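So the chains spell out like this:
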Amino acid sequence: MSAVENHGSTTETKIREDAFGNATGLACRECGNKIELGPHYACPECFGPLEIAYDFPALTREEIEAGPRNIWRYKALLPVPDDIEQSPNMEPGFTRLLRANNLGTALGIENLWVKDDSTNPTNSFKDRVVACALSAATEFGAKVFACPSTGNLANAVAAAGARAGVKTVVFIPSDLETPKQVNSAVYTDSLVAVDGNYDDVNRLASEIAGEEDGWAFVNVNVRPYYAEGSKTLGYEIAEQLGWRLPDQIVIPVASGSQLTKVDKAFQELISLGLVEDKEYRVFGAQSQGCSPVSVAYKGGVDAIRPVKPNTIAKSLAIGNPADGIYVLDICRRTGGAVEDVSDDQVREAIVLLARTEGIFTETAGGTTVGVLKKLVESGQLDPALDTVVINTGHGLKTLDAIVDRVGARATIAPSYDAFVAANIV
Ligand SMILES: *Cc1c(COP(=O)(O)O)cnc(C)c1O
Ligand SMILES: [Zn+2]
């Protein structure tokens, strides 16, 4: 094949006619220019980001409900072939939406739910986007599946690649948490640690994509297909609420892709008549050590000034977020906000969620729950409205963050006297 190209407008790849389901082309987010489906991610006219355009058929709730209990129940709304379930994949999605009464009471929110994506196959929401990216990359004939990653994406690519029987090479910043490194290396013999931050790793990936033939970097040169996977979070939340949208939703922001796609999913459900049209507010969550989007939001400006990340929320540590400006648009348009919390508030929120709901989240989820708390306290979020908070990853991947905060209450001799003396209850 003629490589998964950077941004060329030609390709010799023969794409199966039904390879992308109801997708009809790629549309530029900036200038609206439309081009054919292919391994492209930047507009040939203005270099703006490309997004999948569709012609959706009429679709009923019942048709969706009859589908598998994973993201493929929404395959009609994704750029994937109709027989996608037949290919070896991780079958991510349809994670639980838990009513969080205890956390709600602690924060003074009447109706609160946690969408718990830590139960995906590699314990983060990234399994959703990787499933869509691998499907597209396979159609384009890619030989190597790769990614620059802040950790979770590398885990998901390495595992999905192993299951699909394809070669994977995953790139991460070398200072990443040990559990996240091991969670990639166990699936692939090609984990590459780069001495630099995520933005350096991302630049390197773009360079390799431009030089090497047949490499699909899931979040770089097949990004339009990858990004669509995040829409399934929005579809599931609506379906699990009984086919209605929440009033408010709090979403972590790294590149900003997930937040923009949850909003896109809500818009699609409204225009397909699958949920009632209503107003909802979207809130973005960042950590103060890497908060370029919340800084722009609070400053009332449209441009995002890149930062050098320094935060325990490493999975959110993208200093130059590709979709940051669209996050600003959405949060402003819907009457939401972008807020940030300190590392200490992140740790506090991890323990709060664990002790109120029995859910162990990673630092990204600590950031999101911490921001939820701050938004209620500051009056930016209405505690009387139905609210969903997304937990995007599992706490076992970032144990270091709280190892000094939680641990054995006492170490005692194996005797009843010692137990009594320790004064546990
Ligand atoms: C990647 C990631 C995010 C954010 O993803 P973007 O779409 O890049 O904003 C959030 N949480 C976790 C745990 C992640 O790994
Ligand atoms: Zn354009």
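Structure shown above.
Our subject in this report is the structure included herewith. Keep in mind the model is a prediction, meaning the values are calculated, not measured.

**A closer look at the coordination of the zinc ion (ligand 2)**
Part 1: Every protein donor of the zinc ion (ligand 2) is accounted for by Cys28 (SG), Cys31 (SG), Cys43 (SG) and Cys46 (SG), and the metal-donor separations fall at 2.3 to 2.4 Å.
Part 2: Around the zinc ion (ligand 2), the 4 donor atoms are arranged such that angles at the metal cover 99 to 117°; this shape is classified as tetrahedral.
Part 3: Look at where the donors of the zinc ion (ligand 2) fall in the sequence and you get C-x2-C-x11-C-x2-C. In this pair, Cys31 is assigned in the loop between strand 1 (23–28) and strand 2 (34–35) and Cys43 in the loop between strand 2 and strand 3 (50–54), connecting sequence segments 12 residues apart.

**Some remarks on the sheet that holds strand 2**
Part 1: In spatial order, the strands read 2-1-3; together these 3 strands make up an open sheet with antiparallel pairing. Each edge of the sheet is formed by a strand with only one pairing partner; in this case those strands are strand 2 and strand 3.

**Observations concerning the sheet that holds strand 5 (residues 112–116)**
Part 1: Ordered in space as 4-5-13-10-11-12, the 6 strands form an open sheet in which the pairing is mixed. Since the sheet does not close on itself, it has two edges, and those belong to strand 4 (97–99) and strand 12 (337–341), each with one partner. Going from strand to strand, the sheet's axes swing by 25° on average, the running direction of each strand aside.
Part 2: Here strand 10 (residues 248–252) runs beside strand 13 (residues 387–391); their pairing, made up of 3 bridges, is parallel.

**Regarding the pattern of salt bridges**
Part 1: Applying the stated criterion across every chain, the model contains 32 salt bridges.
Part 2: Note that Glu239 and Arg73 form a salt bridge whose closest N and O atoms lie 2.6 Å from each other. Linking Glu239 in helix 8 (residues 231–240) with Arg73 in the loop between helix 1 (61–65) and strand 4, this pair joins segments that are 166 residues apart in sequence.
Part 3: By relative accessible area, Arg73 is classed as buried at 8%.
Part 4: Here Glu362 ties to Lys180 by a salt bridge, and the two come within 3.5 Å at their closest N and O atoms. Of this pair, Glu362 sits in the loop between helix 12 (343–357) and helix 13 (363–377) while Lys180 sits in helix 5 (residues 178–185), placing them 182 residues apart in sequence.
Part 5: Accessibility expressed as a relative area gives 1% for Glu362, which makes it buried.
Part 6: One network of salt bridges, with partners in common, ties together Arg29, Glu51, Glu228, Lys231, Lys261, Lys264 and Glu268.

**Remarks on the site of ligand 1**
Part 1: Taken together, 15 residues sit near ligand 1, with Lys126, Ser255, Gly256, Gln258 and Thr392 positioned nearest.
Part 2: In the model, an oxygen atom of ligand 1 is placed 2.6 Å from a nitrogen or oxygen of the Ser255 side chain.
Part 3: With the chains in place, 97% of the 390 Å² that ligand 1 exposes on its own is no longer accessible.
Part 4: When the residues that make up the shell around ligand 1 are grouped by side-chain class, the tally is 6 nonpolar, 7 polar and 2 charged.

**Regarding a nonpolar patch on the surface**
Part 1: Together, Ile412, Tyr416, Phe419, Val420, Ile424 and Val425 line one region of the surface with nonpolar side chains, adding up to about 620 Å² of accessible area.
Part 2: Topologically, Val420 is positioned in helix 14 (residues 416–421).
Part 3: For Val420, a relative accessible area of 46% corresponds to the partly exposed category.

**Considerations on the packing of aromatic side chains**
Part 1: On inspection of all chains with the given rule, the structure shows 9 aromatic pairs.
Part 2: Ring geometry for Phe20 versus Phe140: centroids 5.5 Å apart, planes at 35°, classification tilted. A residue pair is termed long-range when its members are at least 10 positions apart, and Phe20 in the segment before strand 1 and Phe140 in the loop between helix 3 (126–139) and strand 6 (144–148) qualify at 120 residues. With respect to burial, Phe20 and Phe140 carry one shared label: buried.
Part 3: Plain terms: the ring middles of Phe20 and Tyr225 are 5.2 Å apart, the flat faces sit at 40° to each other, and that makes the pair tilted.

About the criteria used
- Residues numbered from 1 in each chain as written.
- Chains lettered and ligands numbered in written order.
- Predicted model: local features only at pLDDT ≥ 70, side-chain atom pairs only at ≥ 80, totals over all residues.
- Heavy atoms only, no water.
- Donors = N, O, S within 2.8 Å, 3.2 Å for Na, K, Ca; no water.
- Tetrahedral: all angles 85-135°; square planar, octahedral: opposite > 155°, others 65-115°.
- Helix = DSSP H or I, 4+ residues; strand = E, 2+ residues; numbered from the N terminus.
- Pairing = 2+ DSSP bridges.
- Axes fitted to C-alpha atoms, helices over the stretch in contact; angles between N-to-C directions.
- Salt bridge = Lys/Arg side-chain N within 4 Å of Asp/Glu carboxyl O.
- Buried < 20%, exposed > 50% of the residue type's maximum accessible area, 1.4 Å probe, protein only.
- Near = heavy atom within 4 Å.
- Polar contact = N/O pair within 3.5 Å; in protein donor to acceptor, adjacent residues only side chain to side chain.
- Areas by Shrake-Rupley, 256 points an atom, 1.4 Å probe, with all protein chains shown as cover.
- Nonpolar A, V, L, I, M, F, W, Y, C, P; charged D, E, K, R; others polar.
- Patch = residues over 30% accessible without salt bridge, like charges linked within 9 Å, V, L, I, M, F, W, Y side chains within 5 Å.
- Phe/Tyr/Trp six-rings, centres within 6.5 Å; stacked < 30°, edge-to-face > 60°.

Purely geometric stuff here, so don't read any function into it on its own.
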